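Commentary on secondary and tertiary structure
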Amino acid sequence: MLEVVAKLLSKYKIELEKIGLTQLDVYRYPDHDEVRVKTPEGDVVLVKLPSHREAMSIEEFKENVLKEIRNIKESKKRKEK
């Protein structure tokens, strides 16, 4: 059973790599996951997901991660001004 879950969750890591992100850590909470990723620019970003990864499709997962990274980058740019 543990192997099946590990194999399923590795799909999410592989998807991140396909879009140029490196998964560093995953923090599991009772109602959601948080994924720490490294962007191609070298920034390290903590992405809070709305639920556990396995409760989302791969597409939903990618959309949530990309949206969160975009929001963090925009916020960072506003602070630099």
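Everything quoted here is computed from the prediction, not taken from an experiment.

This paragraph deals with the nonpolar core. Residues Y12, L16, L21, V35, V37, V45, V47, L49, M56, F61, V65 and I69 constitute the largest nonpolar core, which totals twelve residues. Those elements giving two or more residues to this core turn out to be helix 1 (2-18), strand 2 (33-38), strand 3 (44-48) and helix 2 (58-80). Among the elements that make up this core, the one with the highest residue count is helix 2 (three residues).

Below, the discussion takes up the pairing of strand 3. Residues V45 and V47 point to one face of strand 3 and are all buried, whereas V44, L46 and K48, pointing to the other face, are not buried. Note that strand 2 and strand 3 share five bridges and pair antiparallel. Bridged to K38 within strand 3 is V44. Between the end of strand 2 and the start of strand 3, which pair antiparallel, lie five residues, with G42 showing a positive phi angle near 100 degrees.

As a further point, take the environment of L66. Position of L66 relative to the elements: it lies in helix 2. Put simply, L66 and I19 are 47 residues apart on the chain and 9.2 Å apart in space, counted from C-alpha to C-alpha.

Attention now moves to the sheet that holds strand 1 (residues 22-28). Taken in spatial order, the three strands line up as 1-2-3 in an open sheet, and their pairing is antiparallel. Of all strands in the sheet, those with a lone pairing partner are strand 1 and strand 3, marking the two edges. Looking at each pair of strands side by side, their axes are set apart by 20 degrees on average, direction ignored. One ladder, built from six bridges, connects strand 1 with strand 2; its direction is antiparallel. Within the sheet, the bridge partner assigned to V26 lies in strand 2 and is V35. Across the sheet, helix 2 touches strand 2 and strand 3, and the angle it forms with strand 3 is around 125 degrees.

Our focus in this paragraph is helix 2. The terminal C-alpha atoms of helix 2 lie 33 Å apart, and with 23 residues this matches the ideal 33 Å at 1.5 Å per residue to within 8%. Within the sequence span of helix 2, burial applies to F61, K62, V65 and I69.

Reading the values: rules and limits
- Residues numbered from 1 in each chain as written.
- Predicted model: local features only at pLDDT ≥ 70, side-chain atom pairs only at ≥ 80, totals over all residues.
- Heavy atoms only, no water.
- Core = buried A, V, L, I, M, F, W, Y, C linked by side-chain atoms within 4.5 Å.
- Buried < 20%, exposed > 50% of the residue type's maximum accessible area, 1.4 Å probe, protein only.
- Helix = DSSP H or I, 4+ residues; strand = E, 2+ residues; numbered from the N terminus.
- Pairing = 2+ DSSP bridges.
- Axes fitted to C-alpha atoms, helices over the stretch in contact; angles between N-to-C directions.
- Contact = heavy atoms within 4.5 Å.
- Expected span 1.5 Å × (residues − 1).

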